[in-house]
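Fold and geometry: a report
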Amino acid sequence: MTFRPLHDRILVERIEAEEKTRGGIIIPDTAKEKPQEGRVISVGTGTVSDKGDVRPLDVKAGDKILFGKWSGTEVKLEGKDLLIMKESDVMGVIEG
Amino acid sequence: MTFRPLHDRILVERIEAEEKTRGGIIIPDTAKEKPQEGRVISVGTGTVSDKGDVRPLDVKAGDKILFGKWSGTEVKLEGKDLLIMKESDVMGVIEG
Amino acid sequence: MTFRPLHDRILVERIEAEEKTRGGIIIPDTAKEKPQEGRVISVGTGTVSDKGDVRPLDVKAGDKILFGKWSGTEVKLEGKDLLIMKESDVMGVIEG
Amino acid sequence: MTFRPLHDRILVERIEAEEKTRGGIIIPDTAKEKPQEGRVISVGTGTVSDKGDVRPLDVKAGDKILFGKWSGTEVKLEGKDLLIMKESDVMGVIEG
Amino acid sequence: MTFRPLHDRILVERIEAEEKTRGGIIIPDTAKEKPQEGRVISVGTGTVSDKGDVRPLDVKAGDKILFGKWSGTEVKLEGKDLLIMKESDVMGVIEG
Amino acid sequence: MTFRPLHDRILVERIEAEEKTRGGIIIPDTAKEKPQEGRVISVGTGTVSDKGDVRPLDVKAGDKILFGKWSGTEVKLEGKDLLIMKESDVMGVIEG
Amino acid sequence: MTFRPLHDRILVERIEAEEKTRGGIIIPDTAKEKPQEGRVISVGTGTVSDKGDVRPLDVKAGDKILFGKWSGTEVKLEGKDLLIMKESDVMGVIEG
C-alpha cells in the first residue's frame, strides 16, 4: 500500500529529537517548542498555479526537513504515525 | 438516478474505520480524531481557473482517499449517507 | 413577467422534502439539516472573470440541484416563494 | 443637476412595496425582510478589471431591479431619497 | 505650497451642508448621516494595476463629489481643513 | 553606514510639528492626531508585481511627505530616530 | 551539515545589540522593542510568482539586515540559535 499526496502536499515521518542534551540532562517540554525534523516519504505532483500550470515541488522523497511543531495533520498509515502537510509548511532542507 | 457534482466538488462514501485495534480493544472516541478514509463515487468537471479554463480533477471515481474528519457536507442520496466535498479537502489517495 | 438573474446568480424553486420516511415516521426538524433540493427556473449570463470574460454557467433552467440549507436569498415573485443564489452555492445536479 | 455614479456604482430609486396583501391585510414589518424593488436612474461607466479594462455594466437606466434590503447608501438629491449601490448588490432584473 | 496625492488618492475640501431645511428648521445631527459633498482640489497620477500599469483617475480637480461621511483622513494644509481619500471612496460626481 | 530599504519600503525622518499655533498657544496632545510630516531619506528599488516586474517608487529621497500618525516602524540608525514604512503608507508629497 | 531554506525563506543569525549606551548606562528591556539586526547565513532560491516563475531574493548570504523583533521562527542548528524568516520580514540592508 502506498499513499499519494495530492497537489502540494507531502507525507512526512517525524524524527523524534533526543530528549537529552549532550551532557545527558533531560530537557523539559517547554524548552522544546522549536521546529521539528522529519523525513519526507512521498510528495504530490506539484502546486497548481492560478493559470492551471503545475509546478513540481522543491522537496523530494528522502529529504530531511524542518517544519513548525504544529504543522500538518497526523495520520496513521500501516501502523506508522505520519504527518501530511503542505510544502509551504516546510522551512527548509537539512543537507549533508 | 445519478448525482453530478459541480466544478471541483466530489461525491464520497465514508469508509468506517474499524472500532477495534488488532488486539480487539475498543478505541475510545477521542482517540479517533484522525483523517477519515472514503471512496470517491463521482467527480465534477474540474476547477475553474481565474482565466476561465477548466482543469480536470486529480481524483477519480473509485479512488480511496483520506480527508479531514470535518470536511464536506453530509447528504442522503437514494438512502445512502454520502459526503460532498471539494477536491482541496482531499489529502491524498491510498493506492495498491 | 420574467426575472433575469444577474451574472452568476440563479433563480431556484425549493422542492420540499417529504416530511416522512418510507415507513411513514415523521422526521423531527433537527434531523433535516441536510442539503436541500431545488429546481432551477432561470440563470444569469455567466461568471465574469478577472479578465472581463464571461463564462456561461454549468447549471441550466430545469436542472434539479442540491444546495446548502442556508444558501440564497428568499424572494417572492408573482406569489411564489423562490430563492436567488450564486452558482457557487450549488453542490451538484441530480440527473435521471 | 445630474449625478454620475463612479465605476460600478448605480443610482437607484426605491419602489415602495404595497403594505397590504391582495386581500387588504396589512403586513407587519417583520414579514417584509425580502429583497426590495427599485428603478435604476443612472449607471457608472463600468467595472475596472485588474488589467485596467473597463467592462460596461449589465444594468441600465430604467431597469426595474431586485436588491438586498440593506444594500447601498441612502442619499438625498434634489429632494428625492435615492440609493447609491454597486452593481454586485443587484440580484437581477424584472422584465416585461 | 501644493500637495500631490499619491497614486489613487485625492485631496478634497468638504462642502458643509446647510444646517437648515428650506423652511428654516434646524436639522438635528442624527438626521444628517448621509453622504457628504466635497470639491476635489488635486488628484494622484492614478491606480496602479497588478501588472504595473497606471490608470488615470476618473475624478479631476474641480469636480463636486459625494463621499461617505466617514471616508478619508483629515489633514490641515495651509490652515485649511481638508480630506485625503482614495478614489474608491467617491460615490459619484454631481454635474451641472 | 547607509541603510537600503527593501522593495517598497522607505526610510523617513519625522518632522516634528510645532507644538504651538501661530498665536503661541500650546496645542494639547489630543488635538494632534493628524497625519504627520516627514522627509524621505532613502527608498527601496520598487514594488514587485505579481508577474515579478519591479515598479520604481513614486517618492524619492528628499521628498517631504504626509503619512498616518501610526504608520511605519521606529528604528534607531546612527543615533537618529527614523521610521521605516511602505510607500502605500504615504498619502502624498508636499511640494514647493 | 548545511541548511537550505525553501523558496523565499532565509536563515539569519541575530546580532545582539549592546546592552549599554555609549556612556555605559544599561538600557532597560522595555526600551529595546526596536527592529533587530542580523546576519544572513543562507537564502532560498526565490519567491514563486502566481505564474510559477521564481524571482531570486534581494538579500544574500553575508548581508547585515534589520527585521522586526518578533519576526521569524527560532531554530537550533549545530548548537547555534538561528532564525528562519521570510524575505518580506526584512526591512532593509545596512551597508558599508
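Okay, so let's go over this structure. (Residues numbered from 1 in each chain as written. Chains lettered and ligands numbered in written order. Predicted model: local features only at pLDDT ≥ 70, side-chain atom pairs only at ≥ 80, totals over all residues. Heavy atoms only, no water.)

1. A short note on the sheet that holds strand β6 (residues 64-67) of chain F
The antiparallel open sheet is built from seven strands, whose spatial order is β1(E)-β9(F)-β6(F)-β3(F)-β2(F)-β8(F)-β7(F). The open sheet has two free edges, formed respectively by β1 (2-5) of chain E together with β7 (73-77) of chain F, since each of these has just one partner strand. Neighbour-to-neighbour, the strand axes of this sheet turn through a mean angle of 40°, independent of strand direction. Bridge count between β6(F) and strand β9 (residues 90-95) of chain F: four bridges; the pairing is antiparallel. Following the sheet pairing, K64(F) is matched in β9(F) by I94(F). (Pairing = 2+ DSSP bridges. Helix = DSSP H or I, 4+ residues; strand = E, 2+ residues; numbered from the N terminus. Axes fitted to C-alpha atoms, helices over the stretch in contact; angles between N-to-C directions.)

2. Comments concerning the interface of chain E and chain D
With 18 residues of chain E at the contact, the number on the chain D side is 19 residues. A buried area of about 1700 Å², summed over both sides, lies between chain E and chain D, and 56% of it is on carbon and sulfur atoms. At the junction of chain E with chain D, the criterion picks out one salt bridge. The salt bridge involving R4(D) is made with E95(E); its shortest N-O contact spans 2.8 Å. (Contact = heavy atoms within 4.5 Å. Buried area = accessible area lost by both parts, 1.4 Å probe. Salt bridge = Lys/Arg side-chain N within 4 Å of Asp/Glu carboxyl O.)

3. A word on the interface of chain G and chain A
The extent of an interface is frequently quoted as the accessible surface area lost upon association of the parts. Each partner contributes to the interface: chain G provides 19 residues, whereas chain A provides 19 residues. The interface formed by chain G and chain A holds eight residue pairs in polar contact (both at pLDDT 80 or more) in total. Secondary structure elements with two or more residues in the side of chain G that touches chain A: β1 (2-5), β7 (73-77) and β8 (80-86) of chain G. Of the residues in the side of chain G that touches chain A, the class split is eight nonpolar, five polar and six charged. Of the pairings in the sheet, the one linking strand β9 (residues 90-95) of chain A to β1(G) comprises four bridges and is antiparallel in character. Bridging from a neighbouring strand, G92(A) pairs with P5(G) of β1(G). (Polar contact = N/O pair within 3.5 Å; in protein donor to acceptor, adjacent residues only side chain to side chain. Nonpolar A, V, L, I, M, F, W, Y, C, P; charged D, E, K, R; others polar.)

4. A look at the pattern of salt bridges
Applying the stated rule across the entire model yields 49 salt bridges over all chains. Residues E74(F) and R14(F) are paired through a salt bridge, measuring 4.0 Å at the closest nitrogen-oxygen approach. Of this pair, E74(F) sits in strand β7 while R14(F) sits in strand β2 (residues 9-15), and the two are 60 residues apart along the sequence. Residue E74(F) is classed as partly exposed on the basis of its relative accessible area of 48%. Here the salt bridges do not stand alone but share partners, grouping R55(A), D58(A) and E87(A) into one network. (Buried < 20%, exposed > 50% of the residue type's maximum accessible area, 1.4 Å probe, protein only.)

5. What about the packing of aromatic side chains?
For the structure on display, the rule yields zero aromatic pairs over all chains. Here K69(G) stacks its cationic end above the ring of W70(G), 5.7 Å away from the centre of that ring. (Phe/Tyr/Trp six-rings, centres within 6.5 Å; stacked < 30°, edge-to-face > 60°. Lys NZ or Arg CZ within 6 Å of the ring centre and 35° of its normal.)

6. With respect to unusual backbone geometry
Residue E78(B) is not a glycine yet carries a positive backbone phi of 50°. Locating E78(B) in the fold gives a position in the loop between β7 (73-77) and β8 (80-86). Residue E78(B) is classed as exposed on the basis of its relative accessible area, which comes to 58%. A positive phi angle is found at H7(E), which is not glycine, with a value near 55°. One can find H7(E) in the loop between β1 and β2 (9-15). Overall, the relative accessible area of 11% leaves H7(E) in the buried class.

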